[in-house]
Amino acid sequence: QVQLVESGGGLVQAGGSLRLSCAASGRTFSTYNMGWFRQAPGKERAFIGRIGWSGGGTYYADSVKGRFTIPSDNAKNTVYLHMNSLKPEDTAVYYCNDYPPRNDYWGQGTQVTVSS
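These numbers were taken from a predicted model, which means no experiment stands behind them.

The rules behind these values
Residues numbered from 1 in each chain as written. Predicted model: local features only at pLDDT ≥ 70, side-chain atom pairs only at ≥ 80, totals over all residues. Heavy atoms only, no water. Helix = DSSP H or I, 4+ residues; strand = E, 2+ residues; numbered from the N terminus. Rg over C-alpha atoms; globule rule 2.2 N^0.38 Å. Buried < 20%, exposed > 50% of the residue type's maximum accessible area, 1.4 Å probe, protein only. Salt bridge = Lys/Arg side-chain N within 4 Å of Asp/Glu carboxyl O. Contact = heavy atoms within 4.5 Å. Core = buried A, V, L, I, M, F, W, Y, C linked by side-chain atoms within 4.5 Å.

Draft legend 1. Fine view of the overall build of the protein. Secondary structure assignment for the protein yields zero helices and 11 strands. Listed by position from the N terminus, the elements making up the protein come as β-β-β-β-β-β-β-β-β-β-β. At 13 Å, the protein has a C-alpha radius of gyration in line with the 13 Å of a compact globule built from 116 residues. Overall, the protein is about 40 × 25 × 20 Å in size when its C-alpha atoms are taken along their principal axes. With 116 residues in all, the protein has 41% of them scored as buried.

Given below as structure tokens:
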């Protein structure tokens, strides 16, 4: 059974940085495209970025381009979301999943709150 677990969220001031982690069990990352998504209060879950299998080929939504990056560590079976220059509008619950996402892979997510 595949399980994806997000961690690393917290409270940060605007302009600060956070690093989120997505650890997988039940399979290896390196052969799957992985995505990060977020859901802000009162809004639908939105795609923010993805990384191609074997660590190649990243793509980011315009809202985070230039501020967020998605590195991976295949040895640790973990994908990260490095977030810099955070803004209050980045406040959301952040999730990882396959890309395209699978409904049965959504986890609990990790809360990121950016104060102004």
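Draft legend 2. Quick look at the pattern of salt bridges. For the structure on display, the rule yields four salt bridges. Where Asp90 meets Arg38, a salt bridge forms, and the shortest distance between an N and an O atom there is 2.9 Å. In this pair, Asp90 sits in the loop between β9 (78-83) and β10 (92-98) while Arg38 sits in strand β4 (residues 34-39), placing the two residues 52 residues apart along the sequence. Of the charged contacts, one joins Asp90 and Arg67 as a salt bridge, the two residues approaching to 2.7 Å between their closest N and O atoms. With Asp90 in the loop between β9 and β10 and Arg67 in the loop between β6 (58-60) and β7 (68-69), this residue pair connects regions lying 23 residues apart in the sequence. Accessibility assignment for this pair places Asp90 and Arg67 in one class, buried. Salt bridges sharing common partners tie together Arg38, Arg67 and Asp90.

Draft legend 3. Inspection of the environment of Gly49 at higher detail. With respect to the helices and strands, the residue Gly49 is situated in strand β5 (residues 46-51). Looking at Gly49, the relative accessible area reads 0%, which means it is buried. Each C-alpha atom of the pair Gly49 and Asp62 lies 9.4 Å from the other, and the pair is 13 residues apart in sequence. Those residues within four positions of Gly49 in sequence are excluded, and the remaining contacts are Met34, Gly35, Trp36, Tyr59, Tyr60 and Ile70.

Draft legend 4. A look at the nonpolar core. Of all hydrophobic cores here, the largest spans 25 residues; its most connected members are Trp36, Phe68, Leu81, Met83 and Tyr94. Of all the secondary structure elements, the ones that give two or more residues to this core are β3 (18-25), β4, β5, β9, β10 and β11 (110-115). The greatest single-element share of this core, amounting to four residues, is contributed by β3. Residues within four places of Leu81 in sequence aside, it is in contact with Leu18, Arg19, Leu20, Trp36, Ile48, Phe68, Thr69, Ile70 and Tyr94.

Distances and angles like these do not, on their own, reveal function.
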